[in-house]
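What follows is each chain in one-letter form.
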Amino acid sequence: MPRTRLHIGCGPQTLAGWTNVDNRHYPGVDRVLDVTIGLPYSDVEYLFAEHLIEHLAYDDALNFLRECRRVLAPDGILRLSTPNLDWVLRTQYLPALWKCDDDAVRDCFVLNRAFKGWGHQFLYNRQSLAATLRLAGFGVVEECRYGESRHEALRGIERHDTYGDEDTGPHVLIVEASGRSSGAEPSTEAQIAEFRRAIDSV
Ligand SMILES: C[S@@+](CC[C@H](N)C(=O)[O-])C[C@H]1O[C@@H](n2cnc3c(N)ncnc32)[C@H](O)[C@@H]1O
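In this report, we go over the structure that sits alongside the text.

What counts and how
Residues numbered from 1 in each chain as written. Predicted model: local features only at pLDDT ≥ 70, side-chain atom pairs only at ≥ 80, totals over all residues. Heavy atoms only, no water. Phe/Tyr/Trp six-rings, centres within 6.5 Å; stacked < 30°, edge-to-face > 60°. Helix = DSSP H or I, 4+ residues; strand = E, 2+ residues; numbered from the N terminus. Buried < 20%, exposed > 50% of the residue type's maximum accessible area, 1.4 Å probe, protein only. Core = buried A, V, L, I, M, F, W, Y, C linked by side-chain atoms within 4.5 Å. Contact = heavy atoms within 4.5 Å.

### Digging into the packing of aromatic side chains
With the rule as written, the count across this model stands at six aromatic pairs. Judged by centre distance (6.3 Å) and plane angle (35°), the ring pair of Tyr-58 and Tyr-124 falls under tilted. Highlighted residues: Tyr-58 in helix H1 (residues 58-71) and Tyr-124 in the loop between helix H3 (101-116) and helix H4 (126-135), separated in sequence by 66 residues. Its relative accessible area of 0% is what places Tyr-124 among the buried residues.

Following this line, the structure appears as structure tokens:
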């Protein structure tokens, strides 16, 4: 019996051999599900979510990652890809290059688009993504390159473009999370708790 491989937030980019899950009825989606409600699975071998968590409010993302940890088998792996906040700041808001007010206006809108455009809810840097995964109960967080993995089933499954990453550094963070932790560092956890309150109090 093959073990379960879940491709979450797949959109139209379905993968053969995986259970493709999305909250919309795209062609090829095997299960329509709002993953903020929970993941009705167990003993999952691999979970893959490309460009999903930035579309979830921070608390929903944290709960989703906790669910991922809960439904993964003890040796299971979660592979995530999400826009890299460091890349956004490095490439999209460049006061040193402004020659006129229009340049500043453009960068202002471009930066806000990165945060709020396309339904984005929260952007992560490398450290906050790792801290959130630890908070969700993962013990090991490994950074990966686009298309590469120590695990054969997780190689070559990204579908988004690399947008000239050679010149700018990676525009997406790709990580594989596994194992178990009892949380993030207490100081990191306290900091996240403080800002979660601020983010929620709209
Ligand atoms: C930016 S698209 C990424 C699609 C695909 N993974 C890719 O990389 O091209 C985000 C996808 O996540 C799905 N999504 C957003 N919120 C979701 C939720 N709460 N539960 C399940 N899917 C969700 C959207 O419908 C959309 O297909």
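### Looking at the nonpolar core
Counting residues in hydrophobic clusters, the biggest one holds 37 residues, and the most contacted among them are Ile-8, Leu-39, Leu-47, Phe-64, Leu-78, Leu-80 and Leu-133. For this core, the secondary-structure elements that each account for two or more residues are strand S1 (5-8), strand S4 (44-50), H1, strand S5 (72-83), H4 and strand S7 (172-178). Among the elements that line this core, the one with the most residues is H1, at seven residues. Apart from the residues lying within four places of it in its own chain, the contact partners of Leu-80 are Ala-49, Ile-53, Leu-65, Leu-129, Leu-133, Leu-173, Ile-174 and Val-175. Leu-15, Ile-77, Leu-154 and Ile-157 belong to the second-largest nonpolar core, a separate cluster that totals eight residues.

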